[in-house]
Amino acid sequence: MGLNIKQIRSDFPILHQQVYNKPLIYLDNGATTQKPQVVIDTVRELQETRNSSIHRGVHYLSDQMTDRYEAARETVRAFLNAASTNEIIFTSGATGSINAVAFSFGEKFVTAGDEIVISEMEHHSNIVPWQMLCDRKGASIKVIPFYDNGELILEKLDDLLTDRTRIVALTHASNSMGTINPVKEVIKKAHAKGIPVLLDGAQMVQHGEVDVRELDCDFYIFSSHKIFGPTGSGVLYGKESILEELPPYQGGGDMVDQVTFERTSYNTLPFKFEAGTTNYTGAIGLAAALDYLQSIGFEAIGRYEQELTGYTLEKLGGIDGLKIYGTAANRISVFSFLMQNIHPYDAGMILDKMGIAVRTGTHCTQPVMDHFGIDGTIRASLVFYNTMEEVDALIEGIQRTIQMLS
Amino acid sequence: MTDYNEIQQDIVDEFSVFEDWLDRYNYLIELGNDLPAIDPKYRTNEYLINGCQSKVWLHADLVEGKLLFNADSDAIIVKGIVALLVKLMNERTPAEILQNDLFFIDGIGLRQNLSPTRSNGLLAMVKKMRLYAMAYQAKENQNKES
């Protein structure tokens, strides 16, 4: 069954507004997604009637909030098909999750001369934490390059995986080119050499179902705000066997068992990695977003987004002098492009005044821009609440922009 | 020469006739196109003001007590705004630049373009223009004293 887009759009109040007297066309979902009413209501309900610190209280509200928080953990577990809620850590976001792994895993397993394998298309948040780790430990980063169409050069991986490789950290889907990476093959190759793999799912989870057990990845991370949940919350999935071995990356309340001035013993999983008062409102809001997506159905969402992708590529391809950066066959509905001789910032400013929200610049992937020898692109990133009519409006906007600037 | 603030008011008045944003941008594009390209010797990293979205190049000389600006941008709308800034500040004494507030940008609705988060180089450029003025003023005062 197809999606009832009209119904879906009515679930997102922010979409129904005018900017500069033009209907808002929001195509910046790669940066953040909008929230359905049910998420907004959940967060408000929690603030209005349920707020209380979790895991500590002896009283009614704290019990209630703790139950909701742990139920949210179960919702995330089911969403990722993880084996246990012990494997689901709530963090501040995708960036927080990667930093946590880079620190904890790095402390335990990385020493001087070791290597971390990432790809040329990583978001800065899957580069910098590893560089910081390398600086601390005297390790180095190895990079899987990509072809000009945005697909990974997988053959290079075999040479990059050495007996010094400690972990592979790879994006599941590229935020600037839209490529969906062949992560299962990467995981197989890495595992054949006993190397664990972290997948950055920040740009993937909102577009299709993810099954961490089927993928057999060792870590999977994503942000709540990119999957229609509140900002400031995110998830770190890790295989229980590995998480057990890792030291905590932050110390504080709730993550401890016994504390004396001489020594501290840590709480069990997953609490060992959740120091201090967590963003429980964010986590429960995320669960509401996941429930909402479940009610629509990932299969239907995936099918519709494929249609939307095909339509967008066809229309963009029909514009003279427009070049798309990232044309991988397997892709999400994220499109980077440039029009001949037109600075992306100019185009973004003009599209903005037509009510069209896109992103311009490097998209926190400077190495991708370096690969193509460009300073930046215009990026339109679509999700299932976007429509073919909005794509038409984008195309019209681009054509008008070209007229104005040439 | 027209008073500094009069020029600012003129710019605000000029823009007030545009009802549509795109007309404003069209005008800025025109201004950008009309601004002579910067002398290639100044379109170098040394004179680059790096915004992460667009680049701006700026150089200033002091000739007979007045600042002469040479500026450029790789983005044409930004260059249009650069042209307005140059139009205002060119051939002014350091004192004129330093004593007066810059209000026209706000007045023509382009304030966001000077926000630090826009990172298009414009805010840094305005600061740099004032810095040039301060530096030349300090130099002049020094010369007077010695």
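Just so it is clear, the model here is predicted, and its values are computed rather than measured.

### A look at the side chain of K353 of chain A
Note on placement: K353 of chain A falls in helix α12 (residues 344-353). We classify K353 of chain A as buried; its relative accessible area is 5%. A distance of 3.2 Å separates the side chain of K353 of chain A from the side chain of Y25 of chain B, its partner in a polar contact. The contact partners of K353 of chain A, leaving out residues within four places of it in the chain, are Y20 and K22 of chain A together with W21, L22 and Y25 of chain B.

### Some points on the packing of aromatic side chains
Evaluated as defined, the whole model comprises 21 aromatic pairs over all chains. Their ring planes at 80° and their centres at 5.8 Å tell us that F15 of chain B and F18 of chain B sit as a pair that is edge-to-face. Ring pairs connect the aromatic residues F12, F228, Y292, F384 and Y385 of chain A, which therefore count as one cluster. The ring of W21 of chain B carries K353 of chain A above its face, with NZ or CZ at 4.1 Å from the centroid. We note R24 of chain B situated over the ring of W21 of chain B; from NZ or CZ to the ring centre the distance is 4.2 Å.

### Concerning the pattern of salt bridges
Throughout the structure, instances matching the rule amount to 24 salt bridges over all chains. Between K239 of chain A and D218 of chain A there is a salt bridge, with its nearest N and O atoms 3.2 Å apart. Separated by 21 residues along the polypeptide, K239 of chain A in the loop between β10 (234-238) and α9 (240-245) and D218 of chain A in the loop between α8 (212-215) and β9 (219-223) bring together distant segments of the chain. Per residue, the accessibility class of K239 of chain A equals that of D218 of chain A, and both read buried. Among the salt bridges present, the one from D72 of chain B reaches K79 of chain B, with a minimum N-O distance of 3.5 Å. Like K79 of chain B, D72 of chain B is buried.

### So, the interface of chain B and chain A
Taken together, the contact pairs 17 residues of chain B with 15 residues of chain A. Each partner contributes to the roughly 1600 Å² buried at the junction of chain B and chain A, and carbon and sulfur atoms together form 59% of this total. Three residues stand out in chain B for area buried against chain A, namely L22, Y25 and Q53 of chain B, and they jointly supply 37% of the buried area on that side. As a salt-bridge pair, K55 of chain B and D375 of chain A come within 3.4 Å of each other at their nearest N and O atoms. For the pair chain B and chain A, the interface holds six residue pairs in polar contact (both at pLDDT 80 or more). Top contributing element to the side of chain B that touches chain A by residue count: helix α2 (residues 21-34) of chain B, with five residues.

Basis of the calculations
- Residues numbered from 1 in each chain as written.
- Chains lettered and ligands numbered in written order.
- Predicted model: local features only at pLDDT ≥ 70, side-chain atom pairs only at ≥ 80, totals over all residues.
- Heavy atoms only, no water.
- Helix = DSSP H or I, 4+ residues; strand = E, 2+ residues; numbered from the N terminus.
- Buried < 20%, exposed > 50% of the residue type's maximum accessible area, 1.4 Å probe, protein only.
- Polar contact = N/O pair within 3.5 Å; in protein donor to acceptor, adjacent residues only side chain to side chain.
- Contact = heavy atoms within 4.5 Å.
- Phe/Tyr/Trp six-rings, centres within 6.5 Å; stacked < 30°, edge-to-face > 60°.
- Lys NZ or Arg CZ within 6 Å of the ring centre and 35° of its normal.
- Salt bridge = Lys/Arg side-chain N within 4 Å of Asp/Glu carboxyl O.
- Buried area = accessible area lost by both parts, 1.4 Å probe.

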